[in-house]
Amino acid sequence: MTAAFTFPGQGSQAVGMGKALADAFPAARAVFDEVDAALGEKLTATIWDGPAETLQLTENAQPALMAVSIATLRVLEAEAGFSVGRDAAFVAGHSLGEYSALAAAGSLTLSDTARLLRTRGLAMQKAVPVGAGAMAALLGLDYEAAMEVAGEAAQGQVCQAANDNGGGQVVVSGDKAAVDRAVEIAKGKGAKRAMLLPVSAPFHCKLMQPAADAMAEALAKVTINAPAAPLVSNVLATAITDPDEIRRRLVEQVTGTVRWRESVAYMAGQGVTRFFEIGAGKVLTGLVKRIADGAVGVAVGGPNDIAAAKDALAAAKQA
């Protein structure tokens, strides 16, 4: 198997995402209906009709992106013959996308995943008062250089690498003043650009410990099965299958670095040549080309992508 199925994270959301799939395919519509039922509200109305400000709220964006990913996968299964267990060497997801990956691989039920992501989004938002934390993208620095910048900027506060996305893109997170310092220090160390991100909380840093505690409690109450394909964990950048370890790493992920560059490199090193980004947007597809030489990224998010994805999967099987 030379294919990996990957799932996007927060920032890929857009009003209207998934609607064309739901209109065209009953399998997709069923996913949105189940997510609405699990949450006890019409999240679907927010996804398709907005407003954008409501969709962007962390507690909405996280289950919404997962719903679109799983709806897309269900269409791929029904219309293009995709099977996670048969066709995917690995599954992986960026931050919240890790939950989408686990739902795709049968580790979590769709309803449990929706409720967990609602809990996660609310807990992450509550962990730090608005304005007290920040995140910034450092472009043109490698991970080691960005770590040095974060360490220099901390000065007794929290400033750490939140996302190592690859292609010279590292995001730092922490106390607002420390992240502000990191932006200025990075510019002095040769960063092409260093800029604050329009986010509502400082994700993937120690300030998120209250959210990690909330997720430990929530995850303890759900059943986690062994995945149909190994999960490449955000915090390890290697594959895991044991349900207890998956639970533990999901908790660590709230305060830990999303090691996406290393995760893609690991999968490529294991023979993966095609990375299917399943769900909204094309962020991960763009990153694949910067991380793994010769690897192909295939973004699948709408009805017009299904036939091309089927062809790409057939090519992966012949590779």
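Our subject is the structure listed above.
It should be emphasised that the depicted structure is a prediction, and the values quoted were computed from it without experimental measurement.

Draft legend 1. Representation of the overall build of the protein chain. When helices and strands are tallied, the protein chain shows 15 helices and 10 strands. Against the compact-globule benchmark of 20 Å for 319 residues, the protein chain has a radius of gyration of 19 Å, which places it among compact chains. With the C-alpha coordinates of the protein chain rotated into their principal frame, the extents come out at 55 × 45 × 35 Å. Long-range contacts, defined here as pairs at least 24 residues apart, represent 74% of the contacts in the protein chain between residues at least 6 apart. Carbon and sulfur atoms make up 51% of the accessible area of the protein chain, which totals about 12,100 Å². Both charge centroids of the protein chain, one from 28 positive and one from 32 negative side chains, sit 2 Å from each other.

Draft legend 2. Structural context of unusual backbone geometry. In this model, G50 is joined to P51 through a cis peptide bond whose omega is 5°. Following the sequence through the fold, P51 ends up in the loop between α3 (43-49) and α4 (52-56). Positioned with a positive phi, A237 is a non-glycine residue whose angle comes to about 60°. The residue A237 is located in the loop between β7 (231-232) and β8 (239-240) in this model. Given a relative accessible area of 7%, A237 falls into the buried group.

Draft legend 3. A look at the pattern of salt bridges. Enumeration according to the criterion identifies 15 salt bridges in this entry. Between E41 and R118 there is a salt bridge; the shortest N-O distance is 3.0 Å. On the criterion of sequence distance, the pair formed by E41 in the loop between α2 (26-39) and α3 and R118 in helix α8 (residues 110-127) is long-range, its members being 77 residues apart. Of the residues examined, E41 reaches a relative accessible area of 34% and is grouped as partly exposed. For E245, the salt bridge is made with R249, and the minimal N-O distance between the two is 3.0 Å.

Draft legend 4. Helix α10 (residues 176-188), seen in detail. Its 13 residues give α10 an end-to-end C-alpha distance of 19 Å, which sits within 8% of 18 Å, the value for a rise of 1.5 Å per residue. Those residues of α10 that fall on the buried side of the exposure criterion are A178, V179, A182, V183, I185 and A186. Looking at the buried side of α10, the elements it contacts are β3 (133-139), α9 (143-154), β4 (159-164), β5 (169-175) and β6 (193-196). Within two residues after α10, G190 carries a phi angle of roughly 95°, on the positive side.

Draft legend 5. Up close: the nonpolar core. F5, V35, V91, M208, L219 and F276 are the most contacted members of the largest nonpolar core, which has 80 residues in total. Examining the composition of this core, we find that 11 residues originate from one element, helix α5 (residues 58-80), more than from any other. Once you skip the residues sitting within four places of it in the chain, F276 turns out to touch A3, A4, F5, T6, F82, V298, V300, A309, A312 and L313. With 22 residues, the next largest nonpolar core counts A136, A150, V170 and A191 among its residues.

Draft legend 6. Representation of the packing of aromatic side chains. Applying the stated criterion across every chain, the model contains five aromatic pairs. Members of the aromatic cluster, connected to one another through ring pairs, are F5, F82 and F276. In this structure, K19 packs its charged tip against the face of W48, placed 5.8 Å from the ring centre.

Draft legend 7. Focus on the side chain of D87. Within the secondary structure layout, D87 lies in helix α6 (residues 84-87). Polar contacts involving the side chain of D87 include one to the side chain of K317, which spans 3.4 Å.

Draft legend 8. Seen up close, the pairing of strand β2 (residues 88-93). In terms of residue burial, β2 counts as a mostly covered element, since six of its six residues are buried. For strand β1 (residues 3-7) and β2, the ladder comprises five bridges, and the chain directions are parallel. Within the sheet, the bridge partner assigned to F5 lies in β2 and is V91.

Draft legend 9. Structural context of the environment of Q62. Within the secondary structure, Q62 is located in helix α5. Taking relative accessible area as the criterion, Q62 reaches 1% and is therefore assigned buried. As for Q62 and L116, which are separated by 54 residues in sequence, their C-alpha atoms are 9.5 Å apart. Residue contacts for Q62: discarding those within four places in its chain leaves Q10, L96, L117, R120, G121 and M124.

Draft legend 10. Local environment of the environment of L21. Among the secondary structure elements, L21 is positioned in helix α1 (residues 19-24). On the basis of relative accessible area, L21 is assigned to the buried category, the value being 1%. In this structure, the C-alpha to C-alpha distance between L21 and V75, residues 54 residues apart in sequence, is 7.9 Å. Setting aside chain neighbours within four positions, we find L21 in contact with A28, T72, V75, G301, G302, P303 and I306.

Definitions and cut-offs
- Residues numbered from 1 in each chain as written.
- Predicted model: local features only at pLDDT ≥ 70, side-chain atom pairs only at ≥ 80, totals over all residues.
- Heavy atoms only, no water.
- Helix = DSSP H or I, 4+ residues; strand = E, 2+ residues; numbered from the N terminus.
- Rg over C-alpha atoms; globule rule 2.2 N^0.38 Å.
- Contact = heavy atoms within 4.5 Å.
- Areas by Shrake-Rupley, 256 points an atom, 1.4 Å probe, with all protein chains shown as cover.
- Lys, Arg positive; Asp, Glu negative; His and termini not counted.
- Charge placed at Lys NZ, Arg CZ, Asp CG, Glu CD.
- Buried < 20%, exposed > 50% of the residue type's maximum accessible area, 1.4 Å probe, protein only.
- Salt bridge = Lys/Arg side-chain N within 4 Å of Asp/Glu carboxyl O.
- Expected span 1.5 Å × (residues − 1).
- Core = buried A, V, L, I, M, F, W, Y, C linked by side-chain atoms within 4.5 Å.
- Phe/Tyr/Trp six-rings, centres within 6.5 Å; stacked < 30°, edge-to-face > 60°.
- Lys NZ or Arg CZ within 6 Å of the ring centre and 35° of its normal.
- Polar contact = N/O pair within 3.5 Å; in protein donor to acceptor, adjacent residues only side chain to side chain.
- Pairing = 2+ DSSP bridges.

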